[in-house]
Structure formats: structure tokens, C-alpha cells
Amino acid sequence: MSDKNYSYLIEEIEKLKFHNQTLLTLLGNLQPDAMENTTIHEAVILFDLSKSDLRGLKDLIINYDQNRFSFEQKALLINPVFSKDNLLFLVKSFVTSEILTTFGNKILNDYEVKTE
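From a predicted model like this one, the values you see are computed outputs, not experimental measurements. (Residues numbered from 1 in each chain as written. Predicted model: local features only at pLDDT ≥ 70, side-chain atom pairs only at ≥ 80, totals over all residues. Heavy atoms only, no water.)

So, on to the packing of helix α3 (residues 51-62) against helix α5 (residues 84-96). The N-to-C vectors of α3 and α5 enclose an angle of 85°; their axes lie 12 Å apart at closest approach. Accordingly, the angle class assigned to the pair α3 and α5 is roughly perpendicular. Contact with α3, carried on its side by Leu-54, Leu-57 and Ile-61, involves Leu-87, Leu-90, Val-91 and Phe-94 of α5 and no other residues of that element. (Axes fitted to C-alpha atoms, helices over the stretch in contact; angles between N-to-C directions. Helix = DSSP H or I, 4+ residues; strand = E, 2+ residues; numbered from the N terminus. Parallel < 35°, antiparallel > 145°, perpendicular 65-115°, else oblique. Contact = heavy atoms within 4.5 Å.)

It is worth spelling out unusual backbone geometry at this point. Of note, Gln-66 is a non-glycine position whose phi angle comes to about 65°, a positive value. For Gln-66, the position within the fold is in the loop between α3 and α4 (68-78). Phi is positive for Leu-100, close to 55°, though the residue is something other than glycine. Looking at the secondary structure, you find Leu-100 in the loop between α5 and α6 (101-115). You can call Leu-100 buried: its relative accessible area is 17%. (Buried < 20%, exposed > 50% of the residue type's maximum accessible area, 1.4 Å probe, protein only.)

A residue-level look at the chain finds 78% of positions with pLDDT of 70 or above and a mean pLDDT of 82. Mean pLDDT in the chain bottoms out at helix α1 (residues 3-30), which sits at 69, and peaks at α4, which reaches 96. (pLDDT = per-residue confidence, 0-100.)

Shown next as C-alpha cells:
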């Protein structure tokens, strides 16, 4: 593949990402209640996560050892976008999507219990 074709494909991918994020933002503005229960699919678009980011986060959630600091630090190593707030948002998105529900609820309960 030539550099010109490669550059063109990258530009088209970036346009698609932008349109997906814009559409998701518009839907969120039109129906803010629906965004309270964001699915993991919507969250992936919102944060522009790669497949490896998602796999790493999934493994991190499954192997959660109730050490919140370690959990947050390991998440940041996967992707710098995984700040504490974003991380909890993503865990909630897994639970909303009924994926990793048991593991996700364990993490969310741990954060609620320890932050009160």
C-alpha cells in the first residue's frame, strides 16, 4: 500500500471516529437520561478505545484484587485516558451491558463503601 493510500485511509478513519463521537454526543444531549446508563459499546466510541485497551481493561476488571490504588495505576498503564472517574464510568458501562456484571459490581461496591 502506498503512503498516499495509507494516509487517505487514516484520514477516513479519523472522520468516522469524529462522526461517531459527534453522534453519541448529540444523542446524549437529546436524551440525557439514556446516557446515565451508557453501554460499553457507547463508552468504547466515546473514549476511542482500541481492542487491546478493551482487552486489558477487561482482564484488569476480572483480576481485581480490591486494591483500588493498584487498580487505578494498572489502568493508567493500559491507557492514560483511564483516570479514576473514566475507569468507574467504564466499569458501570460493562455492568449496564450485562458483561462482567459480578466483577463490575464488586469494584463499584468497593469504591462506594470506601469513599463514604
